[in-house]
Amino acid sequence: MLKKSTPHKEKEISGDGRICVKTIKRGDCIELGMDKFDEAGQQRMRALGREFLNLCIAYIEQPTPGDALDLASELGATYGREIASRGIPLADALQAFIFFRNATTDAIRPTLTRRGASADEVSIALRELSRLTDQVLMSLTACYHQAPLAVAPKTKTKTKAK
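Residues numbered from 1 in each chain as written. Predicted model: local features only at pLDDT ≥ 70, side-chain atom pairs only at ≥ 80, totals over all residues. Heavy atoms only, no water.

So, about the packing of helix H4 (residues 90-114) against helix H5 (residues 119-146). Any two packed helices are characterised by the angle at which their axes cross and by the distance between the axes. Look at H4 against H5: their axes get within 11 Å of each other, and the N-to-C directions meet at 160 degrees. Here H4 is positioned roughly antiparallel relative to H5, judged by the angle of their axes. Crossing of H4 over H5 shows right-handed handedness. Listed contacts from H5 to Leu 90, Leu 94, Phe 97, Arg 101, Thr 105, Ile 108, Arg 109, Leu 112 and Thr 113 of H4 are Val 122, Ala 125, Leu 126, Leu 129, Thr 133, Asp 134, Val 136, Leu 137, Leu 140, Thr 141, Tyr 144 and His 145. Tallied by class, the residues present in the contact of H4 with H5 amount to 13 nonpolar, five polar and three charged. (Axes fitted to C-alpha atoms, helices over the stretch in contact; angles between N-to-C directions. Helix = DSSP H or I, 4+ residues; strand = E, 2+ residues; numbered from the N terminus. Parallel < 35°, antiparallel > 145°, perpendicular 65-115°, else oblique. Left-handed = near helix turned anticlockwise from the far one by under 90°. Contact = heavy atoms within 4.5 Å. Nonpolar A, V, L, I, M, F, W, Y, C, P; charged D, E, K, R; others polar.)

Structural data, given as structure tokens:
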């Protein structure tokens, strides 16, 4: 089960000054299954995470539903194939995705408010962001079930002597 991140475990960074993002320390990532990836796999997952964040930010700044939803589907498919190939259970993958989606939403909400967006505008933006992230999640789930799953190694079972 995931533990809620504490503020001392997070480091605030800002890329281009548009959105402040809180990064998650390695301990939280291990809890979310990153320990099942080799270094190259971890780099791919980090790149997918940055792509997810950039997609969310771009969508909030300039909503283009058709293009963004197509990109969200592609991103979800890539996530689904990657996690299935590592043998990560779907429930764990969904939990990790929700954790990162919530962190992204939590970072975007106050930025919209600081920019002077009204409560209605923030609500609309977050509803549209949910639609986008739901598309990633649906595509992740669909592709997870279509991808070849990594098989856990069989363990020797003890038999009773007669």
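That shown, we press on.
Formed by 29 residues in total, the largest nonpolar core has its most connected members in Phe 52, Tyr 79, Ile 83, Leu 129 and Leu 132. At nine residues, the largest contribution of residues to this core is made by H5. Excluding residues within four positions of it along the chain, Leu 132 makes contact with Leu 55, Cys 56, Tyr 59, Ala 68, Leu 69 and Ala 72. (Core = buried A, V, L, I, M, F, W, Y, C linked by side-chain atoms within 4.5 Å. Buried < 20%, exposed > 50% of the residue type's maximum accessible area, 1.4 Å probe, protein only.)

We now examine the side chain of Thr 105. As for its placement among the helices and strands, Thr 105 is situated in helix H4. For Thr 105, a relative accessible area of 17% corresponds to the buried category. In this structure Thr 105 touches Leu 126 and Leu 129, once residues within four positions along its chain are discounted.

Here we take up the pattern of salt bridges. The tally for this structure, following the rule as stated, stands at seven salt bridges. The residue Asp 134 makes a salt bridge to Arg 101 at a minimum N-O spacing of 3.5 Å. Of this pair, Asp 134 sits in helix H5 while Arg 101 sits in helix H4, and the two are 33 residues apart along the sequence. Among the residues examined, Asp 134 registers a relative accessible area of 35% and is labelled partly exposed. Where Asp 106 meets Arg 109, a salt bridge forms, and the shortest distance between an N and an O atom there is 3.4 Å. (Salt bridge = Lys/Arg side-chain N within 4 Å of Asp/Glu carboxyl O.)

Any functional reading would require information that these geometric values do not contain.
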